[in-house]
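What the coordinates show
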Amino acid sequence: MENIPPKVQNQLAMLQQMQQQLQTVVSQKAQYEMTIREARRAVEDLGDIPEDAAVFMNVGSVMMQKSREQVLASLNERVETLELRIKSLEKQEKALQGRFEQLSTQIRGALEGKQQPPGAA
C-alpha cells in the first residue's frame, strides 16, 4: 500500500465502506423478505380457520386475543409496510452498486496508470 498514491488509498477506503453498506442493505432486505413470507403464511393459515375462532396476537411481550379481521388487517398492513421498505432498499442497493462499480473502475484505472479525463466521475 505504500506505493499507492494517497488519493487511491482514500478511494479504496471509500470502496470498502460502500461494500459494507451494500452488505447491510442486502441483509436488511433479506430479513424483511423473510418477515413478509412469515406474515403471508400467517394470513393463509388464518384463512383456514372459522371466523369465530379465538385468535391471539403478540403485542410486545404479551399475547392478546383479537378478532380474526383485526389480525388479518394487522398482518396485511405489515406486509405493505415491509414491501415499501424493500422497494426503498432496492433503490438504495442499485445506487450503491452503481457508485461502487464507478469507483472500482476509477481505482482500477489509477492503479493501471491510466488517468481518466477530467469530468469523468
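Residues numbered from 1 in each chain as written. Predicted model: local features only at pLDDT ≥ 70, side-chain atom pairs only at ≥ 80, totals over all residues. Heavy atoms only, no water.

**Some points on the environment of E33**
With respect to the helices and strands, the residue E33 is situated in helix α1 (residues 6-47). Residues E33 and K91, 58 residues apart in the sequence, show an inter-C-alpha distance of 15 Å. (Helix = DSSP H or I, 4+ residues; strand = E, 2+ residues; numbered from the N terminus.)

**Observations concerning a nonpolar patch on the surface**
There is a patch of nonpolar side chains on the surface, built from V59, V62 and M64 and spanning about 230 Å² of accessible area. On the secondary structure map, M64 appears in strand β2 (residues 62-66). On the basis of relative accessible area, M64 is assigned to the partly exposed category, the value being 37%. (Patch = residues over 30% accessible without salt bridge, like charges linked within 9 Å, V, L, I, M, F, W, Y side chains within 5 Å. Areas by Shrake-Rupley, 256 points an atom, 1.4 Å probe, with all protein chains shown as cover. Salt bridge = Lys/Arg side-chain N within 4 Å of Asp/Glu carboxyl O. Buried < 20%, exposed > 50% of the residue type's maximum accessible area, 1.4 Å probe, protein only.)

**As for the UniProt feature "coiled-coil region" (unreviewed entry) in the chain**
As recorded in UniProt, the sites labelled "coiled-coil region" (unreviewed entry) are residues 72-106. Between the end C-alpha atoms of residues 72-106 the distance is 51 Å, and the span holds 100% helix and 0% strand. (UniProt positions renumbered as here; feature names shortened; annotations may be inferred.)

**Thoughts on the side chain of Q11**
Here Q11 lies in helix α1. Relative accessible area serves as the criterion here: at 13%, Q11 is assigned to the buried category. Once residues lying within four places of it in the same chain are set aside, the contact partners of Q11 are L103, Q106 and I107. (Contact = heavy atoms within 4.5 Å.)

**Details of the pairing of β2**
Successive side chains on a regular strand alternate, one facing one side of the sheet and the next facing the other. Relative to β2, strand β1 (residues 55-59) runs antiparallel, the two being bridged by five bridges. The partner of N58 across the bridge, within β2, is M63. Between the antiparallel neighbours β1 and β2 lie two residues, among them G60 with a positive phi of about 70°. (Pairing = 2+ DSSP bridges.)

**So, the environment of Q9**
Note on placement: Q9 falls in helix α1. Taking the C-alpha atoms as reference points, Q9 and R68, 59 residues apart in sequence, are found 58 Å from one another.

**A word on the side chain of R68**
Secondary-structure assignment places R68 in helix α2 (residues 68-111). One buried charged residue, R68, remains without a salt bridge, the closest side chain of opposite sign being E69 at 4.1 Å. When sequence neighbours within four positions are dropped, the list of residues in contact with R68 reads L46, G47, I49, P50, E51 and V55. (Lys, Arg positive; Asp, Glu negative; His and termini not counted.)

**Some points on α1**
The α-helix winds at 3.6 residues per turn, so residues separated by three or four positions along the chain end up facing the same way. Compared with an ideal rise of 1.5 Å per residue, which puts 42 residues at 62 Å, α1 spans 62 Å between its outermost C-alpha atoms and is within 8% of the ideal. What α1 keeps buried is the set V8, Q11, L15, M18, L22, V25, K29, I36, A39 and L46. The inward-facing, buried residues of α1 abut β1 and α2. (Expected span 1.5 Å × (residues − 1).)

**Side note on the pattern of salt bridges**
Inspection of every chain in the model, using the stated rule, returns three salt bridges. R41 is paired through a salt bridge with D45; the nearest N and O atoms lie 3.3 Å apart. A residue pair is termed a helical-turn pair when its members lie 3 or 4 positions apart in one helix, as R41 and D45 do in helix α1 at four residues.

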